[in-house]
Amino acid sequence: MTDHPRYPGYDVLDKRNTPSWDAVTRRVIDRRIAVSREPHFFSAAEWAVADAVTRRILPQPAGRPPVPLAALLDAKLLADVGDGFREADMPYMGDAWHHGIAALEVESRARHAGRGFAELDAAEQDALLGLMHRGELTDPAWDGLGARNFFTKRLLSDIPGLYYSHPTAWSEMGFGGPASPRGYVRMALDRRDPWEAAQAGPGREQEALRENKNVV
Amino acid sequence: MAEGSSKMSENSVTKVRGKRSPGGSRGMSTDVERSLAGRETLPLPPPNGPILGETTTVKAARRINRAAGTIAASVLADSAMEHYRGDFHNKAMWTPLIASALSLAVSAHGHRDRRHGAHRGRDMVYLAAGLTGIVGTGFHLYNITKKPGGFSWQNVFYSAPIGAPAALSLSGLMGFLSERVRDNEPGTSPTVAGYSAGRVVAALTGVSLLGTMGEAGLLHFRGAYHNPFMFVPVSVPPVAAALLANAAVGKSRVRRHVTRWWLRSTTLMGILGVGFHAYGVSSNMGGWRNWRQNAFNGPPLPAPPSFTGLAMAGLAALGLLEDHPDD
């Protein structure tokens, strides 16, 4: 991914002061970038588990500052802005996270001689998350939530959502940010507006790099 | 040739005397009068140089050259913008830029040319422009039909504009007419294909105005006539077309003040249209600061002067009818 970036040289933040973004967008994105790296919703122990989980659900490439997923998650839960709906068999978002992290810790300590999830190595963490995904974690600590439910309805929904809310991920996938105030005029397939990221097709890396320096 | 020039001088003389001698302010007319009185000889104009005065036929032809040039300028700017928007995806998309630029250039050439006789180069370019417009219409139709849904309202509204290439044909048609008018012998009543030139130009201009109105009507309908002024280009041109049709078939020995003023208004409308379209661009999100989107998303700035060009041709037709009544 880092070896052959799909959008070489593209940084969506270059568009910050162009007509593509307005004051509202700048304010929202500035706040998102400057998210506090300290726990406010989670306890320090919960934060460590949440941080480890996010790293395994969405591993990030070396060579660039990672999207601060635990911090974004903490901020989202603190703000308590939910999805607008809740499934009947799921607790409220914040409660689900407190509950799920506690249950995961119970499972980890029971299976790994008292070591918490954050202390496991990556393979051990992946194995435990795999059990969670398949619903094979059945400690009574999961009662009222369900390991599989927590995995599919919180982990897989919250963490990628937060990842792709961050400008670093936008640059990675060539997204231009909100299509307001500036939208697009070349709507046909494989057409590109000058303020759109240029994709590096095979043999087009240098061209894309040059075009992406002028995406404003 | 010698006969031709002497006729031309006579013609100039008539015109100069008719129009300019009362004031006597122009040196030329006093020269002419002196020469008529036999006191001096009128120097022959240098070959290819400006000829003193011009026949009404050439004057009309030059007017129609300017009309063709105005439409060509509109097409040049419009096709350049819209085809840039289309990334010149198909190399053929350069064609209307070249054809309209050439049409504009030969129109300027015709505007400067005060001689009788069609010009082969101008004729070729005008014919090529006319043909390019027809082929372009074919391309635009193909662009519409190859979209999912084929020939549907959605695609007619949002694909390549079906009426746009026709404007290039109109530039070619007007230029071609200009050359036909100019091709008449000095001192004769100009005809085109055997019919009174004024009537032919009036009729074809009227039809062209209706076609251009169709394009404006389609796109303004797409825009839901959200601004009442959007009704102007579908209200003024049909009246102009009707007045021109009347001029084309009616008596030629009448002063058509209403037609003349209506055509002048149509000329103005095409220019004011650019202003309205500029306002349309400014009212899109981001306004002119976001011109790189809005100049393409908003109403096309260069489109309205097509009406100006056609109305100019209509005025030339009126001039021809008045100068050369045929009944």
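What you are looking at is a predicted structure, and each value in this text was computed from that prediction instead of being measured.

**A look at the overall build of chain A**
In step 1: A tally of helices and strands in chain A yields eight helices and zero strands.
In step 2: For chain A, the sequential pattern of α-helices and β-strands runs α-α-α-α-α-α-α-α.
In step 3: With the principal axes as the frame, chain A shows a C-alpha extent of 55 × 35 × 30 Å.
In step 4: With 216 residues in all, chain A has 44% of them scored as buried.
In step 5: Contacts in chain A between residues at least 24 apart in sequence constitute 64% of all its contacts with a sequence separation of at least 6.
In step 6: Split by element, the accessible area of chain A, about 11,000 Å² in all, is 54% carbon and sulfur.
In step 7: Here chain A carries 27 positive and 31 negative side-chain charges, and the mean point of each set is 7 Å from the other.

**With respect to the interface of chain B and chain A**
In step 1: Between chain B and chain A, the residue contacts involve 12 residues of the former and 14 residues of the latter.
In step 2: Summing both sides of the interface, chain B and chain A together bury roughly 1,200 Å²; the carbon and sulfur share of this comes to 44%.
In step 3: Three residues, Arg289, Arg292 and Gln293 of chain B, lead the burial of chain B against chain A; their summed loss comes to 43% of the area buried on that side.
In step 4: Our count for the chain B to chain A interface comes out at one salt bridge.
In step 5: Here Arg186 of chain A ties to Asp87 of chain B by a salt bridge, and the two come within 3.5 Å at their closest N and O atoms.

**A closer look at unusual backbone geometry**
In step 1: For the peptide bond that leads from Ser180 of chain A to Pro181 of chain A, omega is 10°, which places it in the cis range.
In step 2: In this structure, Pro181 of chain A sits in the loop between α7 (167–173) and α8 (205–212).
In step 3: Unusually for a residue other than glycine, Asp190 of chain A sits at a positive phi of about 60°.
In step 4: Position of Asp190 of chain A relative to the elements: it lies in the loop between α7 and α8.
In step 5: With relative accessibility at 81%, the residue Asp190 of chain A sits in the exposed group.
In step 6: The phi dihedral of Tyr225 of chain B falls on the positive side, at around 45°, and the residue is not glycine.

**Quick word on empty space enclosed by the protein**
Residues and elements named next belong to chain B.
In step 1: Per the counting criterion, the structure on display carries one cavity of 30 Å³ or more.
In step 2: Its boundaries defined by the atoms lining it, the largest cavity holds a volume of some 30 Å³.
In step 3: In this structure, the largest cavity is lined by Lys251, Ser252, Val254, Arg256, Leu321 and Glu322.
In step 4: Here the residues of the lining of the largest cavity sort into two nonpolar, one polar and three charged.

**Here's the deal with the pattern of salt bridges**
Between side chains of opposite charge, a pair can form as their charged atoms come close.
In step 1: Tallying each qualifying case throughout the model produces 30 salt bridges over all chains.
In step 2: Ionic pairing is found between Glu105 of chain A and Arg109 of chain A, a salt bridge with its closest N-O pair at 2.8 Å. With Glu105 of chain A and Arg109 of chain A both in helix α4 (residues 93–111) and four residues apart, this pair spans about one turn of that helix.
In step 3: Because the salt bridges share partners, they merge into one network encompassing Asp113, Arg115, Arg122, Glu179 and Arg182 of chain B.

**Some words on the environment of Ala316 of chain B**
All names here are of chain B.
In step 1: Residue position: Ala316 is located in helix α12 (residues 305–323).
In step 2: Assessed through its relative accessible area of 0%, Ala316 is described here as buried.
In step 3: Each C-alpha atom of the pair Ala316 and Arg63 lies 5.8 Å from the other, and the pair is 253 residues apart in sequence.
In step 4: Sequence-distant contacts of Ala316, that is, excluding residues within four places in its chain, are made with Ala60, Arg63 and Ile64.

**Points about the packing of aromatic side chains**
In step 1: What the rule picks out here adds up to 15 aromatic pairs over all chains.
In step 2: Residues Tyr184 of chain A and Trp195 of chain A carry aromatic rings whose centres are separated by 6.5 Å and whose planes lie at 20° to one another, so their mutual orientation is stacked. Within this pair, whereas Tyr184 of chain A is found in the loop between α7 and α8, its partner Trp195 of chain A is found in the loop between α7 and α8, the two being separated by 11 residues in sequence.
In step 3: Taken together, a centroid distance of 5.9 Å and an interplanar angle of 40° make the contact between Phe157 of chain B and Phe221 of chain B tilted. Of the two residues, Phe157 of chain B is situated in helix α6 (residues 153–158) and Phe221 of chain B in helix α8 (residues 197–222); the sequence distance between them amounts to 64 residues.
In step 4: Under the relative-accessibility criterion, Phe157 of chain B is labelled buried at 12%.
In step 5: With a relative accessible area of 53%, Phe221 of chain B lands in the exposed category.
In step 6: Joined through ring pairs, the aromatic side chains of Phe41, Phe42, Trp97, Trp142 and Phe150 of chain A make up one cluster.
In step 7: The ring of Tyr84 of chain B has Arg186 of chain A sitting right over it, with the charged end atom 4.9 Å from the ring centre.

**Brief notes about the side chain of Ser74 of chain B**
In step 1: By secondary structure assignment, the location of Ser74 of chain B is in helix α3 (residues 56–85).
In step 2: The contact partners of Ser74 of chain B, leaving out residues within four places of it in the chain, are Pro302, Ala303, Pro305 and Ser306 of chain B.

Rules used in this analysis
- Residues numbered from 1 in each chain as written.
- Chains lettered and ligands numbered in written order.
- Predicted model: local features only at pLDDT ≥ 70, side-chain atom pairs only at ≥ 80, totals over all residues.
- Heavy atoms only, no water.
- Helix = DSSP H or I, 4+ residues; strand = E, 2+ residues; numbered from the N terminus.
- Buried < 20%, exposed > 50% of the residue type's maximum accessible area, 1.4 Å probe, protein only.
- Contact = heavy atoms within 4.5 Å.
- Areas by Shrake-Rupley, 256 points an atom, 1.4 Å probe, with all protein chains shown as cover.
- Lys, Arg positive; Asp, Glu negative; His and termini not counted.
- Charge placed at Lys NZ, Arg CZ, Asp CG, Glu CD.
- Buried area = accessible area lost by both parts, 1.4 Å probe.
- Salt bridge = Lys/Arg side-chain N within 4 Å of Asp/Glu carboxyl O.
- 1 Å grid on protein atoms, 1.4 Å probe; cavity = no way out; pocket = protein on both sides within 12 Å on 5 of 7 lines; lining within 4 Å.
- Points joined across faces, edges and corners; volume = space filled by probe spheres on them.
- Nonpolar A, V, L, I, M, F, W, Y, C, P; charged D, E, K, R; others polar.
- Phe/Tyr/Trp six-rings, centres within 6.5 Å; stacked < 30°, edge-to-face > 60°.
- Lys NZ or Arg CZ within 6 Å of the ring centre and 35° of its normal.

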